[in-house]
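Descriptive analysis of the structure
For reference, the chains in residue letters:
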2 protein chains.
Amino acid sequence: MARPASALRGLILESAAQLFAAHGYEGTSLHDIASAVGCSKASLLYHFASKETILTELLTPAGAELAELDAALAGLDGDEAAEAAVPGYVDLALRFRRETKILLADIPGMTCHPALGSIPDIVDRLLDALAGRSADTADVVAAHMVLGAVFVTCASDLELPDQDLRPELIRSALRTLGREPG
Amino acid sequence: MARPASALRGLILESAAQLFAAHGYEGTSLHDIASAVGCSKASLLYHFASKETILTELLTPAGAELAELDAALAGLDGDEAAEAAVPGYVDLALRFRRETKILLADIPGMTCHPALGSIPDIVDRLLDALAGRSADTADVVAAHMVLGAVFVTCASDLELPDQDLRPELIRSALRTLGREPG
DNA sequence: ACCATAACTGTCCGATCGGTCAGTAATGGG
DNA sequence: CCCATTACTGACCGATCGGACAGTTATGGT
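The name given to chain A in an unreviewed UniProt entry is TetR/AcrR family transcriptional regulator, with Streptomyces lycii as the source organism.

A look at the UniProt feature "DNA-binding region" (unreviewed entry) in chain A
Feature annotation in UniProt assigns "DNA-binding region" (unreviewed entry) to the following positions: residues 29–48 of chain A. Helix makes up 75% of residues 29–48 of chain A and strand 0%. Its end C-alpha atoms lie 14 Å apart.

So, the relation of the copies chain A and chain B
Between chain A and chain B, the superposition needs a rotation of 180° and an axial shift of 0.0 Å, giving an RMSD of 0.1 Å. Taken together, the rotation and translation describe the operation of a two-fold axis. Both copies share a contact surface, since 100% of the interface residues of chain A are interface residues in chain B too.

Points about the protein's contact with DNA strand C
Near DNA strand C you find 18 residues, and of these Ala42(A), Ser43(A), His47(A), Lys41(B) and Lys51(B) are the closest. Near-protein atoms of DNA strand C (within 4 Å) split between backbone and bases, with sugar and phosphate holding 63%. Within the side chain of His47(A), one N or O atom sits 2.5 Å away from a phosphate oxygen of DNA strand C. In this structure, Leu30(B) approaches DNA strand C through a main-chain N or O atom, which is 2.9 Å from a phosphate oxygen. Mapped by element, the contributors of at least two residues to the surface near DNA strand C are helix H3 (41–47) of chain A together with helix H3 (41–47) of chain B. Broken down by element, the surface near DNA strand C gets its largest block of residues, 4 residues, from H3(A). Residue composition of the surface near DNA strand C, by class: 8 nonpolar, 7 polar and 3 charged.

A look at the confidence of the model for chain A
On average, chain A scores 90 in pLDDT, and the residues at 70 or more come to 90%. Across chain A, the secondary-structure element scoring lowest on mean pLDDT is helix H7 (residues 108–111) of chain A, at 63, and the one scoring highest is helix H2 (residues 30–37) of chain A, at 98.

A few points about the protein's contact with DNA strand D
Lining the immediate environment of DNA strand D, one finds 18 residues, of which Lys41(A), Lys51(A), Ala42(B), Ser43(B) and His47(B) sit closest. Among the atoms of DNA strand D close to the protein, meaning within 4 Å, 63% are from sugar or phosphate groups. Within the backbone of Leu30(A), one N or O atom sits 2.9 Å away from a phosphate oxygen of DNA strand D. Between DNA strand D and Ser43(B) there is a distance of 2.2 Å, counted from a phosphate oxygen to a side-chain nitrogen or oxygen. Listing elements by their share of the surface near DNA strand D, those giving two or more residues are H3 of chain A together with H3 of chain B. No other element matches H3(B), which puts 4 residues into the surface near DNA strand D.

Brief notes about the packing of aromatic side chains
Residues and elements named next belong to chain A. As enumerated under the stated definition, the model contains 2 aromatic pairs over all chains in all. Centre to centre, the rings of Phe20 and Tyr25 are 5.2 Å apart; their planes meet at 70°, and the pair counts as edge-to-face. For Tyr25, a relative accessible area of 12% gives the class buried. Over the face of the ring belonging to Tyr25 we find Lys51, whose NZ or CZ atom lies 4.3 Å from the ring centre.

How each quantity is defined
Residues numbered from 1 in each chain as written. Chains lettered and ligands numbered in written order. Predicted model: local features only at pLDDT ≥ 70, side-chain atom pairs only at ≥ 80, totals over all residues. Heavy atoms only, no water. UniProt positions renumbered as here; feature names shortened; annotations may be inferred. Helix = DSSP H or I, 4+ residues; strand = E, 2+ residues; numbered from the N terminus. Least-squares fit on C-alpha atoms with pLDDT ≥ 70 in both. Contact = heavy atoms within 4.5 Å. Near = heavy atom within 4 Å. Polar contact = N/O pair within 3.5 Å; in protein donor to acceptor, adjacent residues only side chain to side chain. Nonpolar A, V, L, I, M, F, W, Y, C, P; charged D, E, K, R; others polar. pLDDT = per-residue confidence, 0-100. Phe/Tyr/Trp six-rings, centres within 6.5 Å; stacked < 30°, edge-to-face > 60°. Buried < 20%, exposed > 50% of the residue type's maximum accessible area, 1.4 Å probe, protein only. Lys NZ or Arg CZ within 6 Å of the ring centre and 35° of its normal.

Now the structure itself:
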């Protein structure tokens, strides 16, 4: 036994990140992480004060950069703000794709729920329709964006009534897809 | 005691829907639901075979309509498909806003995580920047859409490398916001 | 060679979870 | 009035969770 002096800590972080992204934070137990790493559950709690400490250490870099973006946008106004926010946010989400996935990772357990039909299959076909049956990168990405855009917006706490929200969603979604409303 | 013959079943469904939307399915225990309803935990399991049965009954109508949309889109191709998919999907998400929220409800517990700074505040300011400091409905909705679009797309299983994904995300996001790339 | 310290583990613990079950209280048709 | 059926409950159960802790093994400076 006896690893070469705590490479274990890094292994724990890496395995935890993979498991959190795949099954969500709540959906991953300390036992799961220990099994993946190949050590005891007690070892995890020797290197980290708690399960939440592992999550915090994983998400802290992303949080710090988000705060940086926030600070950089603070001084800008109007068009400047919007045109800086877009690449800033995109780069952030791309650089921390796995962390983004961790935040969303508790969902798949639900979307695969039986009696809702095979949601993944239906969603695949919906994406294909949104992309206009096209396999071009631009169309496929735009279709994914519309899927997420409508989903998140409808789930948000926007207090807008449906009849006001609907036309804006449709207009902006069509614009995202490169289809000006006609 | 003795309620007027099982209005309880409806109360359970309503309370469960609220709690699932607020704290997620995993984040809501049978005890939580029983407390909200004002009955015993055993009563829940008298009216419903299991916790999952409650969730299934809540999500089934949405699942059925999603399947209908899927069927309606099956015959269409190209532009027809895209232009029918957008209002169809939007209407579905709007009609089942609470159900949509349930699917996303496991996230808030993470985004409020300490040591990531106050994510909700930062996100509010990011939305303001994306909207170009505008309070117009169109701009606010589009900002929410971009937030969700980039988030979900980056968390998706698209196997596109970052350097291909980035320009598409930025271009489509700007288009969503009504800002043609110049 | 020695030993203080760091690394690691097996075992136990209390809490909480979803779920079972025997038993009680109310209801409504005969 | 009676009683089968429905509605409901308290108590209990096994599993699993995150975590505590005493004890064991390896390491590296002296």
